[in-house]
Amino acid sequence: MEDDRARRVVIIAYDGAQIIDVACPSGALEGANLHGAAPPYAIELATTSGRGSRTSSGIVLAGGRRLAAVTGQIDTLFVVGGLGTKEAMFDERLLVQVRRLARRSRRVASVCTGTFVLAAAGLLDGRRVTTHWGYGDILAGAFPSIAVDLAPLYIQDGNIYTSAGVTSGLDLTLALIEDDHGPTLARNVARELVTYLHRPANQAQISMFLSAPPPGDRLVRDLLGHIAAHLTEDLSSSALAARAGVSERHLTRLFSTHLGTTPARAVRAARTEAAAHLVRGSQLSLTAIARRCGLRSAETLRQAFLDHYGVTGDRIRRMPDMPQPLDPRQGHSSGT
C-alpha cells in the first residue's frame, strides 16, 4: 500500500506458525481499510529468511520480507503462535530481530503461543500476560518473572498486548482498531467478519469449549454457543426464547429432549463450568470469577460448585484433574 500516512503493521511468522494466527489480525486490518480506516493499515509479513513460512497446516505463506531488512518505524508488531513456537523461542536469529523491531514499534502484540516468543526475547519480564489456556502452566514455569493470567482473552500491559488462544487474536485486533479509529469502524469490521461485536478482554476464554459432544439440534447448539459467549448477560428463559424465535414452552421442550435439562439449569451449568476452569487456570479471587461468569457473588458460586460438582472452589483449585458434574447430563451445557 503506497501511503506515507499508513499505520505500518509487521506480522512475524516462522515455520510451524498457526495460519489462523496470521489470518485473524491481517484479515481484520484489511477489513478496517475496506471500511475507510484513515490512516489505513499497511500490512507486511516478515520471516527470518524472507522466503515466507510453512504453516502447521502445511500451507505456505509466501511474499514475506526478511526480518533483518525491515527498517524504519512500525506502528504495530505482531508475533504469531503455533506448533512451531517450540523451535522459534530458541531461534536466536529470530529473537534478535524481535527485540530490534520491538524497539521500533509503537505497540507489540502476540497471538496465542506467540507470547512464548516475546517472553524468550525478554520483552515480558515483570509484565502481566496471557496465552492459550492449555499452555499457561508451561509459560509460567519457563518464565517465572512473568505474571501469567489465563482468564482474559487479551491483556494490555504498557505497550505490550498478549492474547489467548487463536481466534482471540481477532478480538485483540478489533480492540486495536477501535483504539485507532473508534467503535463505529470496529463494529463495521466485526459485522463484515460475522463475528461477535466484539468479545471483551475479560471474557473467560475457557467458556468457548465443549465438555461434551454438542447436541444434534441446531437451534439448541446455537443457543449454547450464545450462552457460552455471553455468560454475564441476560440468559433467562424468556431472553433465550426471544433470541431463538420460539415460545418459552417450546424452548423448554427442546432443552429437555436434546440435553435432558431445563434452559435455566443449562445456563447455570455453563456458568459453573466456566468458573471451575478459571479457578484452576488463574489466581483470581472467587468473587472476581463469579462476576466474570455471571454468578454475581462468591457465595452464589460456592453453592453452584456444591450443586454441580459436590465440592467447593478451594477444593477444585487443589484437585489434580477437573471434577466431573454430579449429573453427567449437565456436561452438555458448558460452551461451544
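Quick note: structure is the one above.
The structure contained in this document is the topic of the report that follows. Keep in mind it's a predicted model, so treat the numbers as computed, not measured.

1. Concerning the overall build of the protein
The number of helices and strands found in the protein is 14 helices and 11 strands. The burial tally for the protein puts 52% of its 336 residues in the buried class. Considering only contacts within the protein whose residues lie at least 6 apart along the sequence, 67% involve residues at least 24 apart.

2. Structural notes on the pattern of salt bridges
The full count for this structure, using the stated rule, is 15 salt bridges. The shortest N-O distance in the salt bridge between R65 and E44 comes to 3.1 Å. Of this pair, R65 sits in strand β5 (residues 65-66) while E44 sits in strand β2 (residues 41-47), and the two are 21 residues apart along the sequence. A relative accessible area of 16% places E44 in the buried class. Each of R7, D75, R106, R107 and D180 takes part in salt bridges that share partners, so that together they form one network.

3. Re the sheet that holds strand β6 (residues 74-79)
The mixed open sheet is built from 7 strands, whose spatial order is β5-β2-β1-β6-β7-β11-β10. Pairing within the sheet leaves two strands with one partner each, and these edge strands are β5 and β10 (154-157). Taken together, the 4 bridges between β10 and strand β11 (residues 160-163) define a ladder with antiparallel strand orientation. Opposite Q156, over in β11, you have Y161 as the bridge partner.

4. Some points on the nonpolar core
With 60 residues, the main nonpolar core has I12, F78, L94, V98, V117, L118 and I177 as its most contacted residues. Looking at this core, the element that brings in the most residues is helix α6 (residues 168-181), giving 6 residues. Counting residues in each nonpolar core, the second largest holds 31 residues, with A151, F255, V267 and F305 among its members.

5. A look at the packing of helix α8 (residues 218-229) against helix α9 (residues 237-244)
Two numbers describe how α8 lies on α9: the axes approach to 11 Å, and their chain directions differ by 125°. Judged on the interaxial angle alone, α9 and α8 are oblique. In terms of crossing hand, the pair formed by α8 and α9 is right-handed. Counting all contacts with α8, which are made through L219, L223, H226 and I227, the residues of α9 involved are L240, R243 and A244. The class makeup of the residues in the contact of α8 with α9 is 5 nonpolar, 1 polar and 1 charged.

6. A few points about unusual backbone geometry
With an omega of 5°, the peptide bond running from A38 to P39 counts as cis. You will see that C112, though not glycine, has its phi angle at about 60°, which is positive. Within the secondary structure layout, C112 lies in the loop between β7 (105-110) and α4 (114-120). The backbone of R296 shows a phi angle near 75°, a positive value even though the residue is not glycine. Within the secondary structure layout, R296 lies in the loop between α12 (286-292) and α13 (298-308).

7. Here's the deal with α13
Within α13, the full set of buried residues consists of T300, L301, A304, F305 and H308. The buried residues of α13 occupy an angular sector of 135° when the element is viewed end-on, so they sit on one face. Among the residues trailing α13, G310 stands out with phi positive, at a value near 80°.

8. Section: the pairing of strand β1 (residues 7-12)
Judged by how many residues are buried, β1 sits mostly within the fold: 6 of 6 residues are covered. The alternating pattern of β1 places R7, V9 and I11 and R8, V10 and I12 on opposite faces, both of which are buried. Chirality of the crossover, the property in question, places the unit of β1, helix α1 (residues 19-34) and β2 among those that are right-handed. Pairing geometry for β1 and β6, over 4 bridges, is parallel. When the bridges of β6 are listed, V10 appears paired with L77.

Conventions adopted
Residues numbered from 1 in each chain as written. Predicted model: local features only at pLDDT ≥ 70, side-chain atom pairs only at ≥ 80, totals over all residues. Heavy atoms only, no water. Helix = DSSP H or I, 4+ residues; strand = E, 2+ residues; numbered from the N terminus. Buried < 20%, exposed > 50% of the residue type's maximum accessible area, 1.4 Å probe, protein only. Contact = heavy atoms within 4.5 Å. Salt bridge = Lys/Arg side-chain N within 4 Å of Asp/Glu carboxyl O. Pairing = 2+ DSSP bridges. Core = buried A, V, L, I, M, F, W, Y, C linked by side-chain atoms within 4.5 Å. Axes fitted to C-alpha atoms, helices over the stretch in contact; angles between N-to-C directions. Parallel < 35°, antiparallel > 145°, perpendicular 65-115°, else oblique. Left-handed = near helix turned anticlockwise from the far one by under 90°. Nonpolar A, V, L, I, M, F, W, Y, C, P; charged D, E, K, R; others polar. Arc of directions from axis to C-beta. Right-handed = clockwise from strand over helix to strand, strands pointing away.

Note that every value here comes from positions in space, so none of it alone points to a role or purpose.
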